[in-house]
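Residue-level listing of the chains:
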Amino acid sequence: ISRSLANCELLHLARGRIDVALAQKQHDQYVAVLEANGIDVTSLPEELELPDAAFVEDTAVLLDEIAIICRPGRESRLREIASVAEFVKAIRNTHWIQGPGTLEGGDVLQIQKTLYVGLSTRTNPEGISQLQGIVRPFGYTVIPVTVKGCLHLKTGVTALNDGMLLANPAWIDVAAFGALKVITVPEEEPWGANTLSVPGKVLVAASAPRTIELLSGEGCPVQVVDISEIQKAEAGLTCLSVLFSDAASE
Ligand code: GLY
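Caption draft 1: Examining unusual backbone geometry more closely. The residue after Gly 99, namely Pro 100, is reached through a cis peptide bond having omega 5 degrees. Relative to the helices and strands, Pro 100 is located in the loop between β3 (93–96) and β4 (108–111). In this model, Gln 112 sits at a positive phi of 50 degrees, which is unusual for a non-glycine residue. Of note, Gln 112 is situated in the loop between β4 and β5 (114–119). You will see that Glu 234, though not glycine, has its phi angle at about 55 degrees, which is positive. Inspection of the secondary structure assignment puts Glu 234 in the segment after α6 (228–231).

Below is the structure:
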């Protein structure tokens, strides 16, 4: 978490006071939860001048075969890719989105060999088209999904471990997901759909108690994570990490 987090980009949220020390503490707890769930975590150094840099998800998409270095849709976030790309180059062959294309990883939802990609204020048709060209040789299909009223595709829809989706249909055109089963978040918790699946369970933000009840009722093992201060920066559980497997590169 950057000490400059309070200067983060905001699209739909009004700027409120962010307690950066608390956000850092919540980030530490988030890392501890990932580690407790068997995930090896590499944390990159703080980026003092890049308020949104903790939202690493937006800078790179890691597939088993390759990595795509994104091109964020806001000027203030473009410099975030440098440090992430340095790390990613050591573990994957990298492909880069070029201007005028824009693509943020928060708009990319992978379900096996399908990449659902949000057409949002941050990801444009050119970025999606470049992504399509990069991943097609590796057997991936790209399906654009219209995003309206929220920042990224994964703000409004995430995949649960059993192949079901959790979505807010007010923000996401769920018809794009065809026959996949979609569970709808309670109306009073529009932000609840941003969950993070780890092996055997799904992490859900503490700010979404009704969503937690709903998923538990569906037989889905849930772990609650408090990221209240980080959510003030219009971010969620997926934004704070890029999960990847140790699979060999191409
Ligand atoms: N604060 C997250 C973003 O707008 O990129």
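Caption draft 2: How the structure looks around the sheet that holds strand β10 (residues 196–198). Strand order across the open sheet formed by three strands is β10-β11-β12, with mixed pairing between neighbours. Only two strands of the sheet have a single neighbouring strand rather than two, namely β10 and β12 (222–225). Across the sheet, the mean angle separating the axes of adjacent strands is 30 degrees when strand polarity is ignored. With four bridges connecting them, strand β11 (residues 201–205) and β12 associate as parallel partners. Bridging across to β12, Val 204 finds its partner in Val 224. Where helix α5 (residues 209–217) meets the sheet, it contacts β11 and β12, and its direction lies at approximately 165 degrees from that of β11.

Caption draft 3: Expanded view of the packing of aromatic side chains. For the structure on display, the rule yields three aromatic pairs. Ring centres of Trp 171 and Trp 191 lie 5.1 Å apart, and the angle between their planes is 75 degrees; this geometry places the pair in the edge-to-face category. With a gap of 20 residues between them, Trp 171 in the loop between β8 (165–167) and β9 (182–184) and Trp 191 in the loop between β9 and β10 connect regions that are remote in the sequence. Judged by relative accessible area, which is 34%, Trp 191 ranks as partly exposed. The lysine or arginine in question, Lys 113, covers the ring of Tyr 140, its NZ or CZ lying 3.9 Å from the ring centre.

Each value, and the rule that gives it
Residues numbered from 1 in each chain as written. Predicted model: local features only at pLDDT ≥ 70, side-chain atom pairs only at ≥ 80, totals over all residues. Heavy atoms only, no water. Helix = DSSP H or I, 4+ residues; strand = E, 2+ residues; numbered from the N terminus. Pairing = 2+ DSSP bridges. Axes fitted to C-alpha atoms, helices over the stretch in contact; angles between N-to-C directions. Contact = heavy atoms within 4.5 Å. Phe/Tyr/Trp six-rings, centres within 6.5 Å; stacked < 30°, edge-to-face > 60°. Buried < 20%, exposed > 50% of the residue type's maximum accessible area, 1.4 Å probe, protein only. Lys NZ or Arg CZ within 6 Å of the ring centre and 35° of its normal.

Functional significance is not addressed by these values, which are geometric in nature.
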